[in-house]
Amino acid sequence: MGSKMSVARWGAIALVAGLVAFAAVLVFSHWTLPPVMRWLDVGEEPKSVDYVMVLGGGETTRPFVAAALVRAGLAQRALVGNITPDTDARDGITFSASERNCRILRRRGVADEDVVLLPGNCGNTFDEATALADFLRDDPQAEVIVVTHNFHTRRARWVFRRVLGDRANRVTFVSAPVYELSPKNWWRSDRGVQLVVGEYFKLLFYHLRYGQGIYWLAVGGLVVVVVVLVAVRRRSRERATAVTAT
């Protein structure tokens with residue numbers, strides 16, 4: 001009886017503590033929530049490099065930032081990942097994301113011969129990092145700027161480091177802005193919550209899928225199984241002892 005009351009008491013305490021913490025986050029949101037998005041942004045100051053690479057998505061900002069870097073003389077050529085076309089692009093209704101990026105780069109002053117569409121199909125950031133790694137085999141000393149959205153830079157940096165290894169030291173990540181979304185207001189719109197919270201889930205998934213996280217998950221699952229088996233066995237022994245005593 002005492003143990004049940006103890007569990008109930010601690011459960012109530014945990015619930016109250018959780019509600020208080022949640023209320024504190026809401027009340028002091030202007031202090032507590034901006035770091036949530038700010039932590040995702042690991043963008044750096046641009047420097048002079050050989051190539052600037054535009055990651056797929058975000059055609060309203062990413063290719064424009066890349067083109068500005070080329071025009072400023074900070075990059076010689078622009079690289080574009082060959083993003084897997086969606087249904088409309090395959091049917092010829094719209095341009096693919098890659099073609100849109102290439103067109104924007106050219107319209108913003110990058111010469112045709114300086115826009116390079118990387119071979120292969122890219123369905124995610126890992127594929128894009130792999131495409132860059134393949135491209136750099138013929139130019140291992142080249143330095144590259146990777147342009148992506150500010151909240152995407154941490155995951156992108158982690159992925160490129162996993163794929164490129166030591167060559168990742170020659171890659172700089174530059175943040176492209178997200179219009180009407182910043183660390184000061186991201187939680188005030190559905191789009192902001194979707195992007196920022198979704199990015200944390202994607203970061204976790206990438207650690208599990210491409211990093212060592214899957215092994216820790218397996219170990220954790222094994223520990224849980226062992227604990228359950230031990231608890232079941234102990235319970236069986238207690239029942240057997242009770243039966244014998246009667």
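Residues numbered from 1 in each chain as written. Predicted model: local features only at pLDDT ≥ 70, side-chain atom pairs only at ≥ 80, totals over all residues. Heavy atoms only, no water.

(A) A look at the overall build of the protein chain. Of regular secondary structure, the protein chain possesses 10 helices and 5 strands. A buried classification covers 33% of the 246 residues belonging to the protein chain. By element, 60% of the accessible surface of the protein chain is carried by carbon and sulfur atoms, the whole surface being about 15100 Å². (Helix = DSSP H or I, 4+ residues; strand = E, 2+ residues; numbered from the N terminus. Buried < 20%, exposed > 50% of the residue type's maximum accessible area, 1.4 Å probe, protein only. Areas by Shrake-Rupley, 256 points an atom, 1.4 Å probe, with all protein chains shown as cover.)

(B) Highlighting helix 6 (residues 97-107). Taken together, the buried positions of helix 6 are Ala97, Ser98, Asn101, Cys102, Ile104 and Leu105. Viewed end-on, helix 6 has its buried residues packed into an arc of 165 degrees, placing them on one side of the element. On the buried face of helix 6, the contacting elements are strand 1 (51-54), helix 4 (62-71), strand 2 (77-80) and strand 3 (115-117). Note on helix 6: the residue one or two positions beyond its end, Gly109, has a positive phi of about 105 degrees. (Arc of directions from axis to C-beta. Contact = heavy atoms within 4.5 Å.)

(C) The arrangement of the sheet that holds strand 4 (residues 144-149) in detail. Taken together, 5 strands build an open sheet; the order of strands is 3-2-1-4-5 and the sheet is parallel. A single partner strand is all that each edge strand has here, and the edge strands are strand 3 and strand 5 (171-176). Sheet twist, expressed as the average angle between the axes of neighbouring strands with direction ignored, equals 25 degrees. Where strand 1 lies against strand 4, 4 bridges are found, and the strand directions are parallel. In the sheet register, Tyr51 faces strand 4, and the bridge partner there is Val144. (Pairing = 2+ DSSP bridges. Axes fitted to C-alpha atoms, helices over the stretch in contact; angles between N-to-C directions.)

(D) Local environment of the side chain of Glu128. Tracing the sequence through the fold places Glu128 in helix 7 (residues 125-135). In this structure Glu128 is buried but unpaired, with Arg62 as the nearest side chain of opposite charge at 6.1 Å. Setting aside residues no more than four positions away along its own chain, Glu128 makes contact with Met53, Val54, Leu55, Gly56, Ile83, Cys122 and Phe160. (Lys, Arg positive; Asp, Glu negative; His and termini not counted. Salt bridge = Lys/Arg side-chain N within 4 Å of Asp/Glu carboxyl O.)

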